[in-house]
Amino acid sequence: MDKLKSETIFALSTFFASSALAVIRVSGDKCKKVVLTLCNLSKVKPRHAYFCELKDCNGDLIDKCILIFFKSPNSYTGEDLLEIQTHGSTAIIERILNELKTLDGLRMAKPGEFSLRAFRNKKQSAIYFEGLNNLISAETEKQRIIAIKQTFGESENLCKKWERVLIQSLAYVDASIEFSEEDDVDLVAVEENLNKLKKEITEHLEKTKYITQIKLGIKVLIFGPPNAGKSSLFNLLCKEEKVIVSPIKGTTRDQISADISLHGNKLTLIDSAGIRYSSNQIEKKGIEKTYESLKELQKFILVLSPDSFNNRNILAINQVLTELNKKELIIVFNKSDLKGSKNKFENWNSKIKLLKKFKQITISCKKKGDLNQILKKTTDFIHKKLINIDSLIDDDYFFTEKRHIECMELILEDISNALVNFDSLEICADFIKEALKKTNDFYGKYSEDDKLEHIFSNFCIGK
Ligand SMILES: Nc1nc2c(ncn2[C@@H]2O[C@H](COP(=O)(O)OP(=O)(O)OP(=O)(O)O)[C@@H](O)[C@H]2O)c(=O)[nH]1
Ligand SMILES: [Mg+2]
């Protein structure tokens, strides 16, 4: 800890690319030395913008910059902090970073290290910094709204509300233990409040689990009869010829997956072996995998084509749809360029009544013309009808991290134990105390060092 404190760190806080401006941050005791060495200023007033020359150790001009000094503890990190705003060329940035590296006692910051130092200096809670990290990486309006709640207090207020219920419950239980002769303490209300709290935290836990899973990537299986164009659609969405496409039925034998970004959402797209009876051992295994994924996953794209309309395929697809229950599915009618395709698509719909339950789109992966347009039409459709995460996020989302899930699970366990032991008030009180300790974990108050480093290592460098 002391060693960390004695080291002054620096990093580029803006993007490493050509832009109008770049901001380099320096944090630690050596800030004033940097000001003197690079800018030849022997004194700097805190929170004043200085327009000055930035020179290397030979006295050659690197760039002119704006320099702002924040004196400890009134800075982002709580340490002396320097912000150097220069022109944003990669050459200038690199030159300054190299110059800083040569100064004694200075080193490049690790990802999230500025925030970690701020946290250690008790500037803000862990939820605040996690929110800030989410705010920086927010790609959609809903993500920004959740991040704002975390950064500017709403999520923390919710934890504090939970904390208050626990403190109050503990006070009543303690009072009841101490004054066991008297009937004044309303234990029924305490039990009711604890039950309400359990219900509320459980709801937040479920939502958070859902949202974190989505953040990691939504798995979408492309399935359908052989030769319908599943791999062609997969390649179209990946924007590259990732997998083999051929007129031979059973070309795809194993599952192949690729991560793609669809309207800012991470998707793991899986191409699969076409569903049919096959005597080929390898293909058979591939088809088994398709069936397993149909059981495991939640979101699917069914690809059908005019030339795959036959009794065998109708039977197989009908069976799959019957077993899908409430899972989410969209249908892509592919090969619309083939003659008579419209009739064949109608035939699919009339032979398998269940198909009409699902949203459908007609495309051609091979149509001559603007593939970009087809891609846009298809991705818009997938986003709207299968993926649209933003529509799943209501105003009631406050948490996003795996760490938050762990905290909530532990608190819930203690509350459940407290409730189970409501007849033995001493034991009940102990569990409420435990739950209270764990609410502190939400703010990161009692987190061990390595746990903290883990939280902050997800941040970008320079934050
Ligand atoms: N006319 C036409 N042909 C297409 C279209 N999409 C794919 N094809 C062709 O249909 C054949 C099968 O395409 P694939 O993408 O390999 O089909 P698949 O469903 O992955 O087939 P398997 O892996 O064998 O199950 C290939 O010859 C493709 O070029 C389309 O929109 N129109
Ligand atoms: Mg294929």
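The rules behind these values
- Residues numbered from 1 in each chain as written.
- Chains lettered and ligands numbered in written order.
- Predicted model: local features only at pLDDT ≥ 70, side-chain atom pairs only at ≥ 80, totals over all residues.
- Heavy atoms only, no water.
- Near = heavy atom within 4 Å.
- Polar contact = N/O pair within 3.5 Å; in protein donor to acceptor, adjacent residues only side chain to side chain.
- Areas by Shrake-Rupley, 256 points an atom, 1.4 Å probe, with all protein chains shown as cover.
- Nonpolar A, V, L, I, M, F, W, Y, C, P; charged D, E, K, R; others polar.
- Patch = residues over 30% accessible without salt bridge, like charges linked within 9 Å, V, L, I, M, F, W, Y side chains within 5 Å.
- Salt bridge = Lys/Arg side-chain N within 4 Å of Asp/Glu carboxyl O.
- Lys, Arg positive; Asp, Glu negative; His and termini not counted.
- Charge placed at Lys NZ, Arg CZ, Asp CG, Glu CD.
- Helix = DSSP H or I, 4+ residues; strand = E, 2+ residues; numbered from the N terminus.
- Disulfide = S-S within 2.5 Å.
- Domains from an automatic or database assignment.
- Donors = N, O, S within 2.8 Å, 3.2 Å for Na, K, Ca; no water.
- Buried < 20%, exposed > 50% of the residue type's maximum accessible area, 1.4 Å probe, protein only.
- Phe/Tyr/Trp six-rings, centres within 6.5 Å; stacked < 30°, edge-to-face > 60°.
- Lys NZ or Arg CZ within 6 Å of the ring centre and 35° of its normal.
- Pairing = 2+ DSSP bridges.
- Axes fitted to C-alpha atoms, helices over the stretch in contact; angles between N-to-C directions.
- Contact = heavy atoms within 4.5 Å.
- Expected span 1.5 Å × (residues − 1).
- Arc of directions from axis to C-beta.

### Some points on the site of ligand 1
Reasoning step 1: Neighbouring ligand 1 are 23 residues; Lys 230, Ser 231, Ser 232, Asp 337 and Cys 365 lie closest to it.
Reasoning step 2: Within the contact set of ligand 1, an oxygen atom lies 3.2 Å away from a backbone nitrogen or oxygen of Ala 228.
Reasoning step 3: At 3.3 Å from an oxygen atom of ligand 1 is found a main-chain nitrogen or oxygen belonging to Ser 246.
Reasoning step 4: Computed on the free molecule, ligand 1 has an accessible area of 650 Å², of which 93% lies beneath the protein chains in the complex.
Reasoning step 5: Of the residues assigned to the shell around ligand 1, the class counts are seven nonpolar, eleven polar and five charged.

### Notes on a negative patch on the surface
Reasoning step 1: On the surface, Asp 186, Glu 191, Glu 192 and Asp 423 cluster together into a patch of negative charge.
Reasoning step 2: Locating Asp 186 in the fold gives a position in the loop between helix 7 (154–178) and helix 8 (187–216).

### Some details on the state of the cysteines
Reasoning step 1: The final tally for this structure, using the stated rule, is zero disulfides.
Reasoning step 2: Note on Cys 365: no disulfide assigned, nearest cysteine sulfur contributed by Cys 238 at a separation of 12 Å.

### A look at the domain arrangement of the protein chain
Reasoning step 1: Partitioning the protein chain into domains gives domain 1 (2–124), domain 2 (135–213 + 401–444) and domain 3 (234–318 + 329–384).
Reasoning step 2: For domain 2 and domain 3, the distance between their C-alpha centres works out to 45 Å.

### Some thoughts on the coordination of the magnesium ion (ligand 2)
Reasoning step 1: Taken together, the protein donors to the magnesium ion (ligand 2) comprise Ser 231 (OG) and Thr 252 (OG1), at separations of 2.0 Å. Placement of Ser 231 in helix 9 (residues 230–238) and of Thr 252 in the loop between helix 9 and strand 8 (256–262) is noted, with a sequence separation of 21 residues between them.
Reasoning step 2: Taking the relative accessible area as the measure of exposure, Thr 252 reaches 10% and is therefore buried.

### Some thoughts on the packing of aromatic side chains
Reasoning step 1: Considering all chains together, one arrives at ten aromatic pairs under this definition.
Reasoning step 2: Taking the ring centre of Tyr 76 as reference, the NZ or CZ of Arg 25 above it sits at 4.9 Å.

### Quick notes on the sheet that holds strand 1 (residues 8–12)
Reasoning step 1: Taken together, six strands build an open sheet; the order of strands is 3-4-5-2-1-6 and the sheet is mixed. Among the strands making up the open sheet, the edge pair consists of strand 3 (49–55) and strand 6 (106–108). Averaged over all neighbouring strand pairs, the angle between strand axes comes to 30 degrees, with direction disregarded.
Reasoning step 2: Lying on the sheet, helix 2 (residues 31–39) is in contact with strand 2 (19–27), strand 3, strand 4 (61–70), strand 5 (81–88) and strand 6; it crosses strand 3 at an angle near 60 degrees.

### Thoughts on unusual backbone geometry
Reasoning step 1: A cis amide bond, omega 5 degrees, links Ser 72 with the succeeding residue Pro 73.
Reasoning step 2: Considering the arrangement of structural elements, one finds Pro 73 in the loop between strand 4 and strand 5.
Reasoning step 3: Phi at Asn 40 takes a positive value of approximately 55 degrees, unusual for a residue other than glycine.
Reasoning step 4: Its location among the elements puts Asn 40 in the loop between helix 2 and strand 3.
Reasoning step 5: Relative accessible area serves as the criterion here: at 65%, Asn 40 is assigned to the exposed category.
Reasoning step 6: A positive phi angle is found at Lys 122, which is not glycine, with a value near 60 degrees.
Reasoning step 7: As for its position among the elements, Lys 122 is in the loop between helix 4 (113–120) and helix 5 (126–137).

### Remarks on the sheet that holds strand 7 (residues 218–223)
Hydrogen bonds along the backbone pair up the strands of a sheet, which may run parallel or antiparallel.
Reasoning step 1: On the basis of which strands lie adjacent, the open sheet formed by six strands has the order 8-9-7-10-11-12 and mixed pairing. For this open sheet the edge positions go to strand 8 and strand 12 (359–362), each flanked by a neighbour on one side alone. On average, adjacent strands in this sheet sit at an angle of 25 degrees to one another, irrespective of strand direction.
Reasoning step 2: By the bridge criterion, seven bridges tie strand 8 to strand 9 (residues 265–271) in an arrangement that is antiparallel. Bridging from a neighbouring strand, Ser 261 pairs with Lys 266 of strand 9.
Reasoning step 3: Sitting on the sheet, helix 12 (residues 341–351) touches strand 10 (299–304), strand 11 (328–333) and strand 12, and the angle it makes with strand 11 is about 150 degrees.

### Some points on helix 3 (residues 90–102)
Reasoning step 1: With 13 residues, helix 3 ought to run about 18 Å at 1.5 Å a step, and its terminal C-alpha atoms sit 19 Å apart, in line with that.
Reasoning step 2: Where helix 3 is concerned, the buried positions are Ile 92, Ile 93, Ile 96, Leu 97, Glu 99 and Leu 100. Mapping the buried residues of helix 3 onto a view down its axis gives an arc of 160 degrees, with all of them on the same face. In this structure, helix 3 carries Ala 91 and Thr 102 as exposed residues pointing more than 90 degrees from its buried face.

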